[in-house]
Amino acid sequence: MWLRGIRDGERCGCGQPFRSCPFWQQVGQAAFGGWDRVDVEHITRLRSQVDRARFLPLLASAKVRGATSPGTFQPALDEYVEYYRRTYGAIGQVSGCPVVIDSSKHASLAFCLRAAPGLDLRVVHMVRDSRAVAYSWSKIVDRPEAAGSRMSTYPAFGAALRWNVQNSALQLLAQLGTPTLRVRYEDFVRAPAATLARIAAFAGLAGGPQFGFLDTDGPGRWWADLGVTHTASGNPMRFTTGRVPIRQDDIWQTAMQARNRRTVTTLTLPLLARYGYLGGAS
């Protein structure tokens, strides 16, 4: 949001440029008195000082919670988190929703937020077979919100390393006491309503929401009727609306090069076993 939305003016999920989207205009006004008053470059510098995988050991230490971390780390962390607190509060105020979902993927941000006063942080740890993730990260995918831009790609070794680091960090986050619910992508596509009900209960939504946008044409034939959303960034499918089938993307099982599959399987074997992915072919 900070760079692609506020600075670069890329499109919101609704199709409007970020700063022209009525929803985000209201959020910026409520949080900061307008996005023009946000120094994005300063936030970027703060991020480089605290929100990186290399800082996970420090963020995981008890020192952070006790505000006794060395040097300028703690003041930078406090300031960085405050931008998020104000943004989340404004999103809740403008939307009227009791829960704000931040779809950020990096564990380091969750570690930053875990020490923030006033935030009821609950983490949904979505996992997917490492081979499927590595294959997905190898594909060339255009980003329609930014002409000439593409999604990041990684070689097999790099993808396996990233998968290990992020999932291991989120496991540590749970061990440190942050409420965490692990959900497998493959289980969600098989039973989306039941999985969303688990997530809603975990989020503390009393009585459970009604998932009127979900329906099925028979066993294993689920679909979702997607409306317009105000996602600030993410996968290009965030621009998709209307009826979308929910089915498992398992093309990696036939399309992934054998040597890449062996590399990723070997490097991620312990967590593949932990998450129950070694029942089939590897």
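About the cut-offs
Residues numbered from 1 in each chain as written. Predicted model: local features only at pLDDT ≥ 70, side-chain atom pairs only at ≥ 80, totals over all residues. Heavy atoms only, no water. Helix = DSSP H or I, 4+ residues; strand = E, 2+ residues; numbered from the N terminus. Rg over C-alpha atoms; globule rule 2.2 N^0.38 Å. Buried < 20%, exposed > 50% of the residue type's maximum accessible area, 1.4 Å probe, protein only. Contact = heavy atoms within 4.5 Å. Lys, Arg positive; Asp, Glu negative; His and termini not counted. Charge placed at Lys NZ, Arg CZ, Asp CG, Glu CD. Pairing = 2+ DSSP bridges. Axes fitted to C-alpha atoms, helices over the stretch in contact; angles between N-to-C directions. Parallel < 35°, antiparallel > 145°, perpendicular 65-115°, else oblique. Left-handed = near helix turned anticlockwise from the far one by under 90°. Nonpolar A, V, L, I, M, F, W, Y, C, P; charged D, E, K, R; others polar. Core = buried A, V, L, I, M, F, W, Y, C linked by side-chain atoms within 4.5 Å. Salt bridge = Lys/Arg side-chain N within 4 Å of Asp/Glu carboxyl O.

Enquirer: Which parts of the structure should I look at to understand the overall build of the protein chain?
Expert: Scanning the protein chain from N- to C-terminus turns up 14 helices and five strands. Relative to the globule expectation of 19 Å for 282 residues, the C-alpha radius of gyration of the protein chain, 20 Å, shows essentially globular dimensions. Summarising its shape, the C-alpha atoms of the protein chain cover approximately 50 × 45 × 45 Å along the three principal directions. Across the 282 residues that make up the protein chain, the buried fraction comes to 38%. Long-range pairs, those at least 24 residues apart, make up 65% of the contacts in the protein chain with a sequence separation of at least 6. Where the 34 positive side-chain charges of the protein chain centre and where its 21 negative ones centre are 6 Å apart.

Enquirer: Mind showing me how you'd approach the sheet that holds strand β3 (residues 214-216) here?
Expert: Sheet strands pair by backbone hydrogen bonding; their relative direction is either parallel or antiparallel. What the three strands build is an open sheet, ordered β3-β4-β5; its pairing is antiparallel. If you trace the sheet from one side to the other, it starts and ends with β3 and β5 (242-246), each paired once. Ignoring which end each strand starts from, the neighbouring axes of this sheet average 30° apart. As judged from the three bridges shared by β3 and strand β4 (residues 222-226), these two strands associate in the antiparallel manner. Opposite L214, over in β4, you have A224 as the bridge partner. Where helix α11 (residues 192-202) meets the sheet, it contacts β3, β4 and β5, and its direction lies at approximately 155° from that of β3.

Enquirer: Could you clarify how one ought to interpret the packing of helix α7 (residues 107-114) against helix α9 (residues 156-175) in this entry?
Expert: Two quantities define a packed helix pair, namely the angle between the axes and the distance from one axis to the other. It is the contact of α7 with α9, at a shortest axis distance of 9 Å, that shows an interaxial angle of 20°. Accordingly, the angle class assigned to the pair α7 and α9 is roughly parallel. In this structure, α7 crosses over α9, and the sense of that crossing is left-handed. The residues of α9 that touch α7, namely those facing A107, A110, F111 and R114, are Q166, A169, L170, L172 and L173. Looking at the contact of α7 with α9 residue by residue, the class counts come to seven nonpolar, one polar and one charged.

Enquirer: When you look at the environment of R4 in this model, what are you seeing that I'm missing?
Expert: One can find R4 in helix α1 (residues 2-7). Apart from the residues lying within four places of it in its own chain, the contact partners of R4 are G9, E10, R143 and S233.

Enquirer: So what exactly am I meant to see when it comes to the packing of helix α6 (residues 73-95) against α7 here?
Expert: The geometry of α6 relative to α7 is characterised by a closest axis approach of 9 Å and an angle of 90° between their N-to-C directions. Viewed along their axes, α6 and α7 adopt a mutual orientation that is roughly perpendicular. Each of L77, Y80, V81, Y84 and Y88 in α6 lies in contact with α7, whose residues at this interface are L109, C112 and L113. Split into classes, the residues belonging to the contact of α6 with α7 amount to eight nonpolar, no polar and no charged.

Enquirer: Help me out: how do you make sense of the nonpolar core in this one?
Expert: Soluble globular proteins tend to pack their nonpolar side chains together in the buried interior. Ranked by internal contacts, the top residues of the largest apolar core, which has 43 residues, are W2, W24, W35 and Y80. Those elements that place two or more of their residues in this core are α1, α2 (22-32), α3 (40-50), α4 (56-60), α6, α7 and α9. Ranked by residue count, the leading element in this core is α6, at ten residues. Dropping the residues within four chain positions of it, W24 is found in contact with M1, C12, F18, W35, I91, H230 and A232. Ranked by size, the runner-up nonpolar core spans nine residues in total, among them A132, Y135, A159 and V264.

Enquirer: Help me understand the pattern of salt bridges, please; the structure alone is not making it clear to me.
Expert: Two side chains with opposite charge may pair up if their charged atoms get near one another. Applying the stated rule across the entire model yields ten salt bridges. Two residues, R19 and D36, come together in a salt bridge whose shortest N-O distance is 2.6 Å. Here R19, found in the loop between α1 and α2, pairs with D36, found in the loop between α2 and α3; they are 17 residues apart in sequence, far enough to count as distant. Across the pair D217 and R243 runs a salt bridge whose closest N-O atoms are separated by 2.3 Å. With a gap of 26 residues between them, D217 in the loop between β3 and β4 and R243 in strand β5 connect regions that are remote in the sequence. Residue class for D217 comes out partly exposed when judged on its relative accessible area of 40%. One network of salt bridges, in which partners are shared, links R7, D8 and E41.

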